[in-house]
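Fold and geometry: a report
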Amino acid sequence: VVVSLAMLRHHFLRLPVHPLGYALATSYGYLLWGPFFTVWLIKSLVVKLGGARAFMESLPFWEMEPNNALVRSGKAFCLAKPGTAYGLYLPAGGTVTVNLAPGPAYDYAWWNPANGKDGGFQGAGRTQGGAQHFTAPGPGDWALRIVGR
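Sequence order sets the numbering: in each chain, residues are counted from 1 along the sequence as written. Only residues with pLDDT of at least 70 are given local features in this predicted model, and only at 80 or more are side-chain atom pairs given and counted; all residues enter the totals for whole chains, interfaces and linings. Based on all heavy atoms of the structure, the side-chain values leave hydrogens and waters out of the count.

1. Re the sheet that holds strand 4 (residues 85-90)
Here we have six strands laid out as an open sheet, ordered 1-3-4-9-6-7, and antiparallel in their pairing. The sheet is open, and its two edges are formed by strand 1 (65-66) and strand 7 (121-127), each paired on a single side. Strands are labelled as partners when DSSP assigns at least two bridges between them. Strands here mean DSSP runs of E at least two residues long; helices mean DSSP runs of H or I at least four residues long; both are numbered from the N terminus. In this sheet, strand 3 (residues 77-81) lies alongside strand 1 in antiparallel orientation, the contact comprising two bridges. Bridging from a neighbouring strand, proline 66 pairs with leucine 79 of strand 3.

2. Points about the confidence of the model for the protein chain
Per-residue confidence for the protein chain gives a mean pLDDT of 79, with 66% of residues at or over 70. Note: pLDDT gives the predictor's confidence per residue, expressed from 0 to 100. Confidence scores differ between elements of the protein chain, with helix 2 (residues 19-25) showing the lowest mean pLDDT of 59 and strand 5 (residues 95-100) the highest of 95.

3. With respect to the nonpolar core
In this structure, Tyr86, Leu88, Val96, Leu100, Trp110, Phe134 and Ile146 are the most contacted members of the largest nonpolar core, which totals 18 residues. At the level of secondary structure, the elements contributing two or more residues to this core comprise strand 3, strand 4, strand 5, strand 6 (106-111) and strand 9 (142-148). Two residues qualify as a contact provided that any one of their heavy atoms is within 4.5 Å of a heavy atom in the partner residue. For leucine 100, the residues in contact, after removing those within four places along its chain, are Tyr86, Tyr106, Thr127, Gln128, Gly129, Gly130, Gln132, Phe134 and Ile146. Within this scheme, the nonpolar core is defined by two criteria: the residues are buried Ala, Val, Leu, Ile, Met, Phe, Trp, Tyr or Cys, and they are joined through side-chain atoms within 4.5 Å. For every residue, the accessible area (1.4 Å probe, protein chains only) is compared with the maximum for its type, and the residue is labelled buried under 20%, exposed over 50%, or partly exposed between those bounds. Met64, Ala85, Trp111 and Ala143 belong to the second largest nonpolar core, which has six residues in total.

What follows is the structure, given as structure tokens:
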């Protein structure tokens, strides 16, 4: 059984069953399942929240303030240092209209929180100030980074 599980895990890298689990479960391993589960849970949370950290570190968040009034339409939460940087979280994706400070050109890029810490920015582009429309690249929640040039 252990050899079969090892082969399955080798062929299917994301198989959530580990051959060591079978060996532990058939001996006195039932005493160890609590710590293994706890470590798995903590690792899952760190991987999921690692993406939020990477997104926030790409912005000068310590200089930004909540400013949802800049969102003209759509459902989004906004952190902003007007004219410099904007960070928006769209909990349901979709389209949002944001009132950017006039003047500089802005670079924008999308972040998919579902990718966890391994995610990267995608759908990058350039826009001007004023009321600008942005549409999330896919379904689900998305974060949008807008930075002045």
